[in-house]
Amino acid sequence: MNLERVPNEEKLNLCRKYYLGGFAFLPFLWLVNVVWFFREAFVKPPYTEQQHIKTYVKRSALGLLLWVAALTTWITIFQHFRAQWGEVADYLSFTIPLGIP
Amino acid sequence: MPVAVFFGCAFIAFGPALALFVFTIAREPLRVIILIAGAFFWLLSLLLSSLVWFIAVKASNPENVSLQKGLLIFGAVFSVVLQEVFRFAYYRLLRKANEGLAAISEENLSPISVQQMAYVAGLGFGIMSGAFSMINILSDSLGPGTVGIYGDSQYYFITSAFMTMAMTLLHTFWGVVFFDGCEKRRWWVIAAVAALHLLVSGLSFLNPSYEGSLPPAYVIMVLMAAWAFFSSGGSLQTLTQVWMCESPFLSILLYSGTTPILHKCQGVAILWN
Amino acid sequence: KLQLLSLNIMDGQPSLLLTCLHICPLPGVGCSSVQQKIYVQLNKTFPCVRLLNATHQIGCQSSVSGDTGVLHVLETETDLDWVLSSGPNPPYVVLMVAEHFNRSTMMKLKGSARVAGVAVVISKAGPAQGFSPHHSCPNQNSGVYSDSYGPELAGCNVTVWNPLGNSLSYEDFRFPIFSLHEGEEADVIRKCFLDHNRGVNGSDPAYPLCAMQLASHMYAVKDTATCMRRNDIQSRFSISPEFVCDALADYNVWSSLKPLNNSGKGHLDGESVVIAATRLDSRSFFWNEAPGGESAVGGFVTLLAAAQALRAVVEDHPPSQNILFTFFQGETFDYIGSSRMVYDMENGKFVIDLDNIHSLVEIGQVALHRNGQLWLHSDPVSRRNSSVRSELISNMKSTALNLSLSVAEPDVSQPLPPSSFQRFLRARPIPGVVLTDHMSAFSNRYYESLYDDAEYLNVSYPSGLSPEEQLEYVTDTAKTLAEVATLVARSLYKQAGGLDDHLSSINADPKIVTQMLYGFLVQSNNSWFRSLVSPDIVKNLVSAILFPASGPQPPQYYVGVPTSGDPVKMPTWLVQYVLANFTGTLRNLTQTQCKNPEDLEGESKDLYSYFWVQGPVPPNSTQGEGYCVRAPVRLVKAHSPAFELHQYSSRDYSTWTESRWKQIQARIFLVASRDLEMLTLGVGVAVLLVSLVVTYFINSKADLLFSSSRETTSTAY
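Residues numbered from 1 in each chain as written. Chains lettered and ligands numbered in written order. Predicted model: local features only at pLDDT ≥ 70, side-chain atom pairs only at ≥ 80, totals over all residues.

**Quick notes on the overall build of chain B**
Scanning chain B from N- to C-terminus turns up 10 helices and 0 strands. The contacts of chain B with a sequence gap of at least 6 include a subset with a gap of at least 24, amounting to 75%. (Helix = DSSP H or I, 4+ residues; strand = E, 2+ residues; numbered from the N terminus. Contact = placed C-beta atoms within 7 Å.)

**Quick word on the overall build of chain C**
Across its full length, chain C holds 22 helices and 23 strands. In terms of overall dimensions, chain C has a C-alpha envelope of 120 × 60 × 60 Å along the principal axes. Relative to its full complement of 717 residues, chain C shows a buried share of 53%. (Buried ≥ 20, exposed ≤ 12 C-beta atoms within 10 Å, placed from the backbone.)

**Concerning the interface of chain A and chain C**
Between chain A and chain C, the contact holds 8 residues from the first and 10 residues from the second. A breakdown of the residues in the side of chain A that touches chain C according to their chemical character gives 5 nonpolar, 1 polar and 2 charged. (Nonpolar A, V, L, I, M, F, W, Y, C, P; charged D, E, K, R; others polar.)

**Some points on the packing of helix α13 (residues 476–495) of chain C against helix α14 (residues 510–522) of chain C**
Residue and element names in this part refer to chain C. It is the contact of α13 with α14, at a shortest axis distance of 8 Å, that shows an interaxial angle of 115°. Crossing angle aside, the handedness with which α13 passes α14 is right-handed. Contacts from T477, A478, K479, L481, A482 and A485 of α13 reach α14 at P510, V513, T514 and L517. (Axes fitted to C-alpha atoms, helices over the stretch in contact; angles between N-to-C directions. Left-handed = near helix turned anticlockwise from the far one by under 90°.)

**Observations regarding the UniProt feature "domain: Nicastrin small lobe" (unreviewed entry) in chain C**
The positions that UniProt labels "domain: Nicastrin small lobe" (unreviewed entry) are, in the present scheme, residues 47–220 of chain C. Annotated as residues 47–220 of chain C, this span is 18% helix and 24% strand, and its ends, taken at the C-alpha atoms, are 16 Å apart. (UniProt positions renumbered as here; feature names shortened; annotations may be inferred.)

**Structural notes on the sheet that holds strand β2 (residues 45–47) of chain C**
In sheet architecture, strand pairing relies on hydrogen bonds along the backbone and comes in two forms, parallel and antiparallel. All names here are of chain C. An order of β1-β23-β9-β5-β6-β7-β8-β2 is seen for the 8 strands of this open sheet, with the pairing classed as mixed. A strand with exactly one partner marks an edge of an open sheet, and here the two such strands are β1 (40–42) and β2. Going from strand to strand, the sheet's axes swing by 30° on average, the running direction of each strand aside. Sheet analysis places strand β5 (residues 67–74) next to strand β6 (residues 92–97), joined by 5 bridges and oriented parallel. The partner of L71 across the bridge, within β6, is V93. Here helix α4 (residues 77–86) sits on the sheet and contacts β5, β6 and β7 (115–122); the angle it forms with β5, its principal contact strand, is near 160°. (Pairing = 2+ DSSP bridges.)

**Looking at the sheet that holds strand β22 (residues 657–659) of chain C**
Residue and element names in this part refer to chain C. Strand order in the open sheet formed by 4 strands is β4-β3-β22-β10, and the pairing between neighbours is antiparallel. With one partner strand each, in any of the chains shown, β4 (57–58) and β10 (245–247) form the two edges of the open sheet. Pairing analysis gives 2 bridges linking strand β3 (residues 51–52) to β4, with the strands arranged antiparallel. Paired with L51 across the two strands is I58, which belongs to β4.

**Quick look at the UniProt feature "transmembrane region" (unreviewed entry) in chain B**
Residues and elements named next belong to chain B. UniProt records the feature "transmembrane region" (unreviewed entry) for residues 6–25, 32–56, 71–90, 117–135, 155–179, 186–206 and 218–236 in the present numbering. Taken end to end, residues 6–25 is 100% helix and 0% strand, and its first and last C-alpha atoms sit 26 Å apart. Helix makes up 100% of residues 117–135 and strand 0%, whereas the separation of the span's terminal C-alpha atoms amounts to 27 Å.

**Looking at the pairing of β7(C)**
All names here are of chain C. For β7, the buried fraction is high: 8 of the 8 residues fall into the buried class. Pairing geometry for β6 and β7, over 6 bridges, is parallel. Residue V94 lies in a different strand from β7, and its bridge partner there is V118. Running through helix α5 (residues 103–110), the crossover from β6 to the neighbouring parallel element β7 is right-handed. As paired elements, β7 and strand β8 (residues 177–181) share 5 bridges and run parallel to each other. The partner of V120 across the bridge, within β8, is S179. (Right-handed = clockwise from strand over helix to strand, strands pointing away.)

**Observations concerning the UniProt feature "transmembrane region" (unreviewed entry) in chain C**
UniProt records the feature "transmembrane region" (unreviewed entry) for residues 678–698 of chain C in the present numbering. When the span residues 678–698 of chain C is considered, its composition is 100% helix and 0% strand, and the gap between its end C-alpha atoms is 30 Å.

**Comments concerning the arrangement of the chains**
Of all 2 pairs of chains in contact, the one with the most contacts involves chains B and C. A gap remains between chain A and chain B, which never touch, and the nearest two C-alpha atoms on either side lie 22 Å apart.

**Let's talk about the nonpolar core**
Membership of the largest hydrophobic core comes to 269 residues, with the highest contact counts inside it found for L71(C), L304(C), A305(C), A306(C), A485(C), L492(C) and V513(C). Among the elements that line this core, the one with the most residues is helix α5 (residues 156–183) of chain B, at 18 residues. The contact partners of A306(C), leaving out residues within four places of it in the chain, are A485(C), V488(C), A489(C), L492(C) and A508(C). (Core = buried A, V, L, I, M, F, W, Y, C linked by C-beta atoms within 7 Å.)

**So, unusual backbone geometry**
Residues and elements named next belong to chain C. Between P90 and P91 the backbone carries a cis peptide bond, its omega angle lying at 0°. Here P91 is to be found in the loop between α4 and β6. Positive phi outside glycine occurs at D334, with the angle close to 60°. For D334, the location among the structural elements is in the loop between β13 (322–328) and α9 (336–346). Overall, the presence of 26 C-beta atoms within 10 Å leaves D334 in the buried class.

**Describing the environment of N526(C)**
With respect to the helices and strands, the residue N526(C) is situated in the loop between α14 and α15 (527–532). Considering only alpha carbons, one finds N526(C) and N43(C), 483 residues apart in sequence, at a separation of 25 Å.

See the structure below:
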């Protein structure tokens, strides 16, 4: 969809949908929201709905950051301690590496 | 680090083709289509000749060494002839397509000239044949080993890459000259292209004495480049013009007041504007 | 993506060949795949693989695609220094002859990060000083002696049975180790090394260098509990389960003098059985290389010959008690076979139970006795006030008097050598003896190693004999083993309550012993074995020979894991059929009747097994006349109870598993110098950059350059 051709209310509506959708454990929606609406929120000349879009984009970015931080931490911990955890880690793994602990 | 060999060989073999594609083909959809169709025509010729070769090998006695050698030479000749036949078929197809393109375009003019089509088609042939001769070798160049345990030359990968590059460019030039010959109904030109193609293929039978195969192939490539240049409208005059006007000498000349040449360049520029 | 495409092309042979037409890489006819010009595959190699038990992993591991290193031949100490510190091109793959394959060298290599792998060239004869990669105290944790049973005898405190054992087989190496036999391939490797890897006049060798890649990537890791858990997760959650390990398992062979009803399990009232046991398996450092001459073949050939010798008497004068012959599989790995049989007996899953056992005679290593001196080992803990045991020993001693053998007991305080009998003692203080050729430490200098083969047992033939003549030639080893077999047979007969009058007619036939030794140690695919086994197994016998060109091949006695194509190991089949032919009777049945004799009168599948046997092939014919043999010979699972009970960390039962792997591969090739590689890359980058610049320039000036065409073009536009 080309945002240029969408009326401002529609933009806000879309942005809000993506923002709310992200709460359903879908951080990628927030990522899309941030990338897609960044221009609308911060670059475009001001218009009435922009203030709301700005808030949504900011919150989406914040949520995304939290997700990235949480996932990075968990992945680091898991990769680091997987061999040590043994049985628990095997049951947590989707694919078990062959030939290494 | 066999990865270095892989990238080195890939750049040598496909670098020129990549550059040509990026700067001359990629931006125009019609050229991309012609390129891919050209590659497809080359593939068709390969398919047919491999079929014939396969049958011949299966039907013959595999123990008979001289017969197999003969079959290989026959296969090479047959494949070359078939490639040229398919080049001609592609030329016919493109002519027809050109008429169609002209008919649907606004000014009843084709958006692409025959010379351009020739160049793009030739490059398509070249890229495909280059890919087929190089990809096996490239995948083996990833290692861990290199050629040589049976006493073969350790320069196998790099020479293969250079040969592939030569073949790719040769196909491009042959394409240009061949189409020009067809256009002007000069059949000796077509015959010459086929003969040179045979010659280059035959040279590869000299391997692994690469000094016997590579330099002649490159000489032929340079000659073909010149021929293609002239047949597609280039001349010594335009060459010197571009060289003089665009070379670093230009600025020096500009300020040294060597007016005749400066004049000439300006003349071109004026002509352009 | 590239890989895929190239693979597709490789599959299409014709297109590949035509591809070569432009660039024919090599002289001669046709263009073969580039791979064939780069690599020399080494086919006659055996890897060291990873095995796991309750606590450890042992064996070797390589990376997924294999470990590559510059080849270096180890001949002197300086070569070792070269590999470990001074050589300029690490990592190295070390090629060594068997003399250097010892603990000190291997541990030095193991400790170095400059070693990518080891290839060992196996010579015909072993090192004179002896070599055993096994433990010096075999199976010490799974035998009977422990803190609660004869603690002063536990852990080889009194006698170190295998003093030459260096435990190399039980080390965990992080690099691959392969073996290859002296011959063509070893010469090719050496030549490659000499041609490329030796510097001129002491200078560093110049590129290209000869290198070797060894691939033996093992799936399993850590211990049996881990790998069994991963098997379990895979089978439960994965669409295409990838199992990582399998329990070492095969089948025990047993037979009885009088048939026992196989459908009834558990205690048999009034039945008293003398068990004659021996082991069927062996191992070495390398996978599936286990000639097991002294450690297994000598013993079970003796017991087979004894079973055959008894046949002459038992039909007319059967002893009052039954005799049960058992051949245990997997004993090398913490007594898999015997522990399973004892477990089955304890749980009423075997035809008899432990209470039915009168006494037990085990044949240990007997083929290397000196001057006919044999030793009877018994358990010092359980032997107090056992009249049966002293009767057994006196029986044996008195029997030996009539033969050219002498039987003695070692010092009283000595424990039992490693033996299946120990597993029975763990369950019940059964009276019994183990017959061996050693008083304390093994006579076998090559225990569980590659050199414990026919040559070591002196099973050798005068030169110039054809295979058929070798089969019939009675070697000295066969003669002495036949004596031992006679001793065993007579003692068993006497022990089972037979009368002394008939003893003299029990005699093992040296000719049969020599045939067995030939078949089990030299060439399993021989006319005699082929005549004794079923047609299917004849096919297997022929196809099991991996390298037909490299001479006769004996079966290997590594227990291994059961596979769908190979559910029972060849030695087990052979022993079963040989035993059936020795102890069974000929029945006049057709092949279909023989397969299913249930409905026929006088036949019973509960009492007997029926074997359709190919029979001897007449001189001018290809097919023998088959016949049906009926014998009370059975196979029972030799699968450790630990896996039945899912106790993968069991201390009581064997927990050995073998890792799975995808490919085992060894190859040599040349590696290019860093300089040439970088040169190629540099040239490539230069070509690319020049092409980009030139093309950009020409393209931007195309209209100027091709001015005359410009007009046509512009008219076209």
